[in-house]
Amino acid sequence: MSISLTPDQERFIQTKLQAGKYRSAEEVLEIALRLLDEYDRADAEWVEDVRAKIDAAYAANDHTPPIDGETFVNQILERFRQGRQVQE
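Residues numbered from 1 in each chain as written. Predicted model: local features only at pLDDT ≥ 70, side-chain atom pairs only at ≥ 80, totals over all residues. Heavy atoms only, no water.

A. View of the overall build of the protein chain. A tally of regular secondary structure across the protein chain gives three helices and zero strands. Referenced to the eigenvectors of the C-alpha coordinate spread, the extents of the protein chain come out at roughly 60 × 35 × 20 Å. Per-residue burial for the protein chain yields a buried fraction of 3% across its 88 residues. Only carbon and sulfur atoms are counted for the fraction: they give 55% of the accessible area of the protein chain, which is about 8,400 Å². Here the protein chain contributes 11 positive and 18 negative side-chain charges, whose respective centroids are spaced 6 Å apart. (Helix = DSSP H or I, 4+ residues; strand = E, 2+ residues; numbered from the N terminus. Buried < 20%, exposed > 50% of the residue type's maximum accessible area, 1.4 Å probe, protein only. Areas by Shrake-Rupley, 256 points an atom, 1.4 Å probe, with all protein chains shown as cover. Lys, Arg positive; Asp, Glu negative; His and termini not counted. Charge placed at Lys NZ, Arg CZ, Asp CG, Glu CD.)

As structure tokens, this is what we get:
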């Protein structure tokens, strides 16, 4: 496979090489691709975690009586106040 880099990308790689931490452009790109893979996996895990929390909230909603908006907001504000008191 052959790739073309933008001038900014080439400068970035050259800067990394000149710093002496990496031996070659290939090593820099290998590390960058490994980090991209880790990022994608972490992102997928985060999405799955959020979906699970949403599913749990829907399930809890089926077993929880409804409350009005004002009560809901007041309960959230009280949790924040309690959290601040614990931190102080």
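B. Region of interest: helix α1 (residues 7-18). Compared with the 16 Å implied by 1.5 Å per residue over 12 residues, the 16 Å span of α1 between its first and last C-alpha is a close match. Where α1 terminates, the next one or two residues include glycine 20, which has phi positive at roughly 85 degrees. (Expected span 1.5 Å × (residues − 1).)

C. Main features of the pattern of salt bridges. Within this structure, the stated rule accounts for six salt bridges. With its nearest N and O atoms 2.2 Å apart, the salt bridge here joins arginine 11 to aspartate 8. Taken together, the residues span about one helical turn, with arginine 11 and aspartate 8 both in helix α1 at a distance of three residues. By relative accessible area, which is 49% here, arginine 11 ends up partly exposed. Residue class for aspartate 8 comes out exposed when judged on its relative accessible area of 52%. With its nearest N and O atoms 3.2 Å apart, the salt bridge here joins glutamate 78 to arginine 81. Residue glutamate 78 and its partner arginine 81 are located together in helix α3 (residues 69-87), separated by three residues, close to a single helical turn. (Salt bridge = Lys/Arg side-chain N within 4 Å of Asp/Glu carboxyl O.)

D. Representation of a nonpolar patch on the surface in the model. A surface patch of nonpolar side chains, about 490 Å² in accessible area, is lined by Ile67, Phe72, Val73, Leu77 and Phe80. Positionally, isoleucine 67 belongs in the loop between α2 (25-62) and α3. (Patch = residues over 30% accessible without salt bridge, like charges linked within 9 Å, V, L, I, M, F, W, Y side chains within 5 Å.)

E. Looking closely at the environment of valine 47. Residue position: valine 47 is located in helix α2. Distance in space between the C-alpha atoms of valine 47 and glutamate 30 is 26 Å, their sequence separation being 17 residues.

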